[in-house]
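Summary of structural features
Listed below, chain by chain, are the residues.
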Amino acid sequence: MTTNLPAIDVHAGLAARRPNYLQVTKGFWSWAATLDHKRIGIMYLIGVSMAFLAGGTFALLIRLHLWDPHGALFTGPNGNVTYNQIFTLHGAFMVFIFIIPAIPASIGNMVLPLMLGAKDVALPRLNLVSFYFWCAGTALALYAILAGGFDTGWTFYAPYSLYTEQAVVSIGMGVFILGFSSIFTGLNFIVTVHKLRAPGLTWFRMPLFVWAIYATAILQVLATPVLGITVLLVALERTYGVGIFDPRLGGDPVLFEHFFWFYSHPAVYIMVLPAFGIISELITVHSRKPLFGYKLIAFSSLAIAIISFLVWGHHMFTSGQSTYAMFAFSFLTFFVAIPTAIKEFSWVATVWKGSIALNAPMLYALAFLIIFAIGGLTGVILGSLNVDIHLHDTYFVVAHFHYVMMGSIALAFFAGLHHWWPKMFGVMYSETAAKVACGLIFVGFNATFIPQFIMGSRGMPRRYATYVPEYEFFHKFSTIGALIIGAGVAVMVGCFVHSLFAGKKAMQNQWGGVTLDWQTPTPPPLENFDTPPVVTHEVYDYTTLDLRTLQTPAS
Amino acid sequence: MSHDHGFVVPAPGDGFLPHTVAHHFDTPTQEFQAAKLGFWLFLATEILLFGGLFAAYFFFHQEYPQTFHVGGAQLNWVLGGVNTTVLLLSSFTMAMGVRSAQTSQKRKMQFYCWLTILGGAIFMAIKCYEWHVKYTHGLGPPVIAGMHVEQWFKDTHNVMADVPHGHLFFALYYTMTGLHGLHVVVGLGLILWIIRDGGKGRFHANYFLPVDLVGLYWHLVDLIWIFLFPLFYLVS
Amino acid sequence: MTATDHTHAASPHDPHGGDHGHAAGDFGPHHVTPASTFLNVLIALLCLTVITVAASRVDFGAANLLIAMLIASIKASLVIAIFMHVKWDTAINKIVFLSSFLFLSLLFVFTLSDQATRAWDSWPSKVKAPVDKEWEHPSKVGSHQ
């Protein structure tokens, strides 16, 4: 890491005579044993992308099977059990292996230290350990598939998860290890934000993506251990019959649900808060306008994090907990809508009269605004105790969480990739192909899940391998939508891969951002900045934007 | 700007080694505070991990108070009290060990750390003995994977016959003291490492961070036991 | 091999350090707790342990567990504040450990109050039906394999 080369004047666009972080060392071990957060972010990106494709394949299998009311793919005496395994795999892969790590560990790792003006995260070796824990957890999950699979649903509720096939312990231990990966990432980011900010970078000059990741990290550290103890107890119960969740032995399956959802509700905010952070960044940059209500958005991230710990019982309205607990949970659930709505309105107010660039990242961000509005509002509907009694375990719930998890979070992830791709790799993808992919995904997504809202409200239960003919039209419509999503994702992936081999050079500051991540050379050097930055202006002050950097090619 | 060498913290005298601050930190204070904050966050996760078990304890205590009353009477409160005392003493010796590192007293630090290990070892010995006694009475712990309740909870002296689901109390007892014991063993390993590296002169008034962090870990182990003791041994 | 005392503090005669010495150099925040403080805390903890055992002999009825936990909390506070040095620590470290207990208490409060209030419901939810048939995995029910 010793360099004696002169500092680069980014604005003059001199050809770099020092290597960027991709070039500085080569070979397998320079990646496998790297301590560079950017390389770790890329390794995570490859990993979670593969998890996404795997989870998406399982999703297509589900939708193809549901083409026919009697089940099109998994027939025969074990067909229903196989179907159960497939939707369990879809959920487990998407939730634990893809979404929870995706934005924080890939985009967060790549971008957070850049945004703070730091050389790396606070604990680089822990960062690498996080990544290897992710690998180990995923390996255990794959082993669990080979060892016979698991058909409990990704929520592995007791008492079924206590009695059913073998591999529950394997996947449980995989989830335990993945949980620690998540905890270590969150821990690292909290310390980084507290201790490694550049001089002049006060809390209220931090980009909102950093606030979002910070709030997420709090949740990762405080909530995930409870998931850890839950899977440990399930494993102990399966192995030694301890009886804590087993009603035959005096245990209480509702206690399992309390433990599980104590983590899993904050978990959904672990998933969505980073997405909010990405949207905040994209909206401001691509409208070239400071974010409306910066402090509101910053504090709303923290408010969402705190309130998320108070509402988990809204997943358990039909489980048998006391009515009074249900009143409390339903009442508290409505409060989480307030900070969330503050964000949505602030984003819209930012776009209003901004100088909008309708490029691929912005299209994804605008799609997010529409889709998340639907997803969030249907969440409020489900939070109403009386209505949820009818909608619980129907496709209405499935549609709601896919609107927030896929339509919002995954779309924000794609948006972030399109936005920071030129920064990380110094190349641009084909704008046309990216827009086509975005259009396909948006159309396909709505085609898949709007029918699910309708049939859910008409009673179609979730996790059923077969159904009555009344719902056939909706299922077929939904399956076609899923295929369109598949096509869109294929175009997007092809677009990115092509850019790595034959993409045009990106610009130093492709979009005209003014946060520190856009002030560093593109792609960044190993220690991120040629001279350590000192921050002297407010965070989204576009008067400081040097337009020459949008014309200067990347090094 | 330090691209190639981190800030070097000098040794305070003979027999000690200097410490090089990691390259992405600007000052040793920044490194110290970052590491300490990170470790406190890790301790927070441990509190929540064990906390889940405590929640299960309180839940079942509320549901089956008689079971806990009778179950607690089966445990030897004297041994539990001795264990509590031993762990508190070891916490004291650990704190003294950290203090010795802070004042560059190498031999004293190692001495106090050995005392701490002794305390931890006595604790584990008593714990193993207790588990063994329970085992001979047919009250567990389950030792082979795949056992059903009736196989490990035989209750040969029928002490839990009159209360519902007696195995629940003991299941919680073994899970909680077992997980705690695992943490004690890990702690002993960490302290051994501190003694070894301390012997090389790595820890002194200008750099004692690892000793401080291992000390925090050991105090956490003591903290958990402070709550476990009354809940299991004094509940009758 | 003799233990040399490197404290900067004003009492070099006492090898255990007589006061709140500040260790050498500017290499990080250094508050060195005097050994006497540690000893006092140890004695307090041992006394509280005796009190815990004594209190368990008295039956306070429903408050038994609460009182035991209260005494344990006092002991814990001493360990955290003095042994773990939190009293002299940065604000953020204090916030971190306090938050962990705060959020843990949420788990306790909601779970326990759920269980406690189940009896208030009008239907007999505390009645557990007897299980007289062994559960069978759905793939084996009614199959011929």
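Residues numbered from 1 in each chain as written. Chains lettered and ligands numbered in written order. Predicted model: local features only at pLDDT ≥ 70, side-chain atom pairs only at ≥ 80, totals over all residues. Heavy atoms only, no water.

With that settled, the discussion passes to the overall build of chain A. Tallying secondary structure elements over chain A gives 15 helices and two strands in all. Over its C-alpha atoms, taken along the principal directions, chain A stretches across nearly 70 × 45 × 45 Å. A burial count over chain A gives 64% of its 555 residues as buried. Contacts in chain A between residues far apart in sequence, at least 24 positions, make up 82% of those at least 6 positions apart. Of the roughly 18700 Å² of accessible surface on chain A, 71% is carried by carbon and sulfur atoms. Averaging the positions of the 27 positive and the 23 negative side-chain charges in chain A gives two centres separated by 11 Å. (Helix = DSSP H or I, 4+ residues; strand = E, 2+ residues; numbered from the N terminus. Buried < 20%, exposed > 50% of the residue type's maximum accessible area, 1.4 Å probe, protein only. Contact = heavy atoms within 4.5 Å. Areas by Shrake-Rupley, 256 points an atom, 1.4 Å probe, with all protein chains shown as cover. Lys, Arg positive; Asp, Glu negative; His and termini not counted. Charge placed at Lys NZ, Arg CZ, Asp CG, Glu CD.)

A few words now on the interface of chain A and chain B. Facing 42 residues of chain A, the contacting portion of chain B comprises 41 residues. Three residues, Lys119, Lys195 and Tyr240 of chain A, lead the burial of chain A against chain B; their summed loss comes to 17% of the area buried on that side. Counting across the chain A and chain B interface gives one salt bridge. Across the pair Asp26 of chain B and Lys119 of chain A runs a salt bridge whose closest N-O atoms are separated by 3.9 Å. Run the count over chain A and chain B and you get ten residue pairs in polar contact (both at pLDDT 80 or more). When residues in the side of chain A that touches chain B are grouped by element, the largest group, eleven residues, is from helix α7 (residues 208-240) of chain A. (Buried area = accessible area lost by both parts, 1.4 Å probe. Salt bridge = Lys/Arg side-chain N within 4 Å of Asp/Glu carboxyl O. Polar contact = N/O pair within 3.5 Å; in protein donor to acceptor, adjacent residues only side chain to side chain.)

Here the focus is the side chain of Lys195 of chain A. As for its placement among the helices and strands, Lys195 of chain A is situated in helix α6 (residues 168-195). Of the side chains with opposite charge, Asp89 of chain C lies nearest to the buried Lys195 of chain A, which makes no salt bridge, at 8.4 Å. Among the polar contacts made by the side chain of Lys195 of chain A, one reaches the side chain of Gln33 of chain B at a distance of 3.2 Å. In contact with Lys195 of chain A, not counting residues within four places along its chain, are Gln30, Gln33 and Ala34 of chain B.

On to the pattern of salt bridges. Taken as a whole and judged by the stated rule, the model has 16 salt bridges over all chains. Between Arg18 of chain A and Asp530 of chain A there is a salt bridge whose closest N-O contact spans 3.0 Å. Of this pair, Arg18 of chain A sits in the segment before α1 (28-32) while Asp530 of chain A sits in the segment after β2 (504-505), and the two are 512 residues apart along the sequence. In terms of burial, Arg18 of chain A and Asp530 of chain A fall into one category: buried. For the salt bridge of Asp546 of chain A with Arg548 of chain A, the shortest nitrogen-to-oxygen distance reads 2.8 Å. Judged by its relative accessible area of 52%, Arg548 of chain A is exposed. Look at the salt bridges and you will find they share partners, linking Arg196, Asp197, Lys200 and Arg202 of chain B into a network.

Further remarks concern the interface of chain C and chain B. Contacts between the two partners involve 60 residues from chain C and, on the opposite side, 58 residues from chain B. For the chain C and chain B pair, buried surface summed over both sides reaches about 5300 Å², with 74% attributable to carbon and sulfur atoms. Counting every contact that joins chain C to chain B gives one salt bridge. With its nearest N and O atoms 3.8 Å apart, the salt bridge here joins Asp89 of chain C to Lys36 of chain B. Mapped onto the side of chain C that touches chain B, the elements with two or more residues apiece are α1 (35-57), α2 (64-83) and α3 (91-117) of chain C. Considering each element in turn, the side of chain C that touches chain B owes the most residues, 13 residues, to α3 of chain C. In terms of residue class, the side of chain C that touches chain B is built from 34 nonpolar, 19 polar and seven charged. (Nonpolar A, V, L, I, M, F, W, Y, C, P; charged D, E, K, R; others polar.)

Residue and element names in this part refer to chain A. With the rule as written, the count across this model stands at five cavities of 30 Å³ or more. When its volume is computed, the largest cavity comes out at roughly 120 Å³. Elements with a contribution of two residues or more to the lining of the largest cavity: α3 (79-116), α6 and α7. With six residues, the top contributor of residues to the lining of the largest cavity is α6. (1 Å grid on protein atoms, 1.4 Å probe; cavity = no way out; pocket = protein on both sides within 12 Å on 5 of 7 lines; lining within 4 Å. Points joined across faces, edges and corners; volume = space filled by probe spheres on them.)

Another point: α3 of chain A. Residue and element names in this part refer to chain A. Helix length check: α3, at 38 residues, gives a terminal C-alpha distance of 52 Å against a target of 56 Å (1.5 Å per residue), a fit within 8%. In the structure, α3 departs most strongly from a straight axis at Ala102, where the bend amounts to approximately 60° and where the proline Pro104 lies between one and four residues downstream. Within α3, 36 of the 38 residues are buried, which leaves the element mostly enclosed by the surrounding structure. Downstream of α3 by one or two residues, Gly117 has phi in the positive range, about 75°. (Expected span 1.5 Å × (residues − 1). Bend = angle between axes of the 7 residues up to and from the residue.)

Let's shift gears to the side chain of Ser346 of chain A. Topologically, Ser346 of chain A is positioned in helix α10 (residues 323-351). The residues contacting Ser346 of chain A, other than those within four sequence positions of it, are Phe292 and Ile297 of chain A.

Packed helix pairs are specified by the crossing angle of their axes together with the interaxial distance, meaning the distance between the axes. Where α7 of chain A contacts helix α1 (residues 28-63) of chain B, the two axes come as close as 8 Å, and the packing angle between them is 40°. One way to sum up the angle between α7 of chain A and α1 of chain B is to call them oblique. In the crossing of α7 of chain A with α1 of chain B, the sense of the turn from one axis to the other is right-handed. Of α1 of chain B, the residues touching α7 of chain A (which contributes Val221, Leu222, Pro225, Val226, Gly228, Ile229 and Leu233 of chain A) are Leu41, Thr45, Leu48, Leu49, Gly52 and Leu53 of chain B. Looking at the contact of α7 of chain A with α1 of chain B residue by residue, the class counts come to ten nonpolar, three polar and no charged. (Axes fitted to C-alpha atoms, helices over the stretch in contact; angles between N-to-C directions. Parallel < 35°, antiparallel > 145°, perpendicular 65-115°, else oblique. Left-handed = near helix turned anticlockwise from the far one by under 90°.)

Our next topic: the packing of aromatic side chains. Residue and element names in this part refer to chain A. Throughout the structure, instances matching the rule amount to 81 aromatic pairs over all chains. Above the face of the Trp31 ring, Arg39 is positioned so that its terminal group lies 4.4 Å from the ring centre. When the ring centre of Phe204 is taken as reference, the NZ or CZ atom of Lys295 above it lies at 4.6 Å. (Phe/Tyr/Trp six-rings, centres within 6.5 Å; stacked < 30°, edge-to-face > 60°. Lys NZ or Arg CZ within 6 Å of the ring centre and 35° of its normal.)

To continue, consider the confidence of the model for chain A. Residue and element names in this part refer to chain A. When the pLDDT values of chain A are averaged, the result is 93; 97% of them are 70 or greater. For the stretch residues 1-8, pLDDT sits under 50, and the model shows 16 contacts to residues farther than four places along the chain or on other chains. Long-range and interchain partners of residues 11-15, a stretch whose pLDDT sits below 50, account for seven contacts in this model, where long-range means more than four residues apart. (pLDDT = per-residue confidence, 0-100.)

Our focus in this paragraph is unusual backbone geometry. Residue and element names in this part refer to chain A. For the bond running from Ala158 to Pro159, omega is -5°, close enough to zero to count as cis. As for its placement among the helices and strands, Pro159 is situated in the loop between α4 (124-146) and α5 (160-163). Going from Thr522 to Pro523, the amide bond is cis rather than trans, its omega being -15°. Mapped onto the secondary structure, Pro523 falls in the segment after β2. Residue Arg463 is not a glycine yet carries a positive backbone phi of 65°. Relative to the helices and strands, Arg463 resides in the loop between α14 (431-457) and α15 (472-502).

The next point concerns the packing of α10 of chain A against helix α11 (residues 360-383) of chain A. All names here are of chain A. Direction vectors running N to C along α10 and α11 enclose 160°, while the axes themselves pass 10 Å from each other. If you check the angle between α10 and α11, you find them roughly antiparallel. As α10 packs across α11, the resulting crossing turns out to be left-handed. Between α10 and α11, the residues in contact are Ser330, Thr333, Phe334, Ala337, Thr340, Glu344, Trp347, Val348 and Val351 and Met362, Phe368, Leu369, Phe372, Ala373, Val380 and Gly383, respectively.

Let us look at the environment of Leu107 of chain C. As for its position among the elements, Leu107 of chain C is in helix α3. Between the C-alpha atoms of Leu107 of chain C and Lys133 of chain C, which are 26 residues apart in sequence, the distance is 34 Å. Setting aside chain neighbours within four positions, we find Leu107 of chain C in contact with Val226, Phe259, Phe262 and Trp312 of chain A together with Gly52 and Ala55 of chain B.

All names here are of chain A. With 35 residues, helix α8 (residues 253-287) should reach 51 Å at 1.5 Å per residue; the first-to-last C-alpha distance of 50 Å fits that figure. The largest bend in α8 is about 30°, located at Trp261. Of all 35 residues making up α8, 34 are buried, and the element is well covered by its neighbours. N-cap assignment for α8: the residue whose side-chain oxygen lies 2.9 Å from the backbone N of Val254 is Asp252. Just beyond α8, the residue with positive phi is Arg288, at close to 40°.

With 97% of its residues at a pLDDT of 70 or more, chain B shows a mean pLDDT of 92. The ipTM assigned to the predicted complex is 0.93, against a pTM of 0.91.

Moving on to the environment of Met507 of chain A. Residues and elements named next belong to chain A. Mapped onto the elements of the fold, Met507 is located in the segment after β2. On the basis of relative accessibility, which here comes to 23%, the residue Met507 falls in the partly exposed class. Sequence spacing of Met507 and Gln551 is 44 residues, and the spatial spacing of their C-alpha atoms is 6.1 Å. The contacts of Met507, once residues within four sequence positions are left out, are Thr522, Thr549, Leu550, Gln551, Thr552, Pro553 and Ala554.

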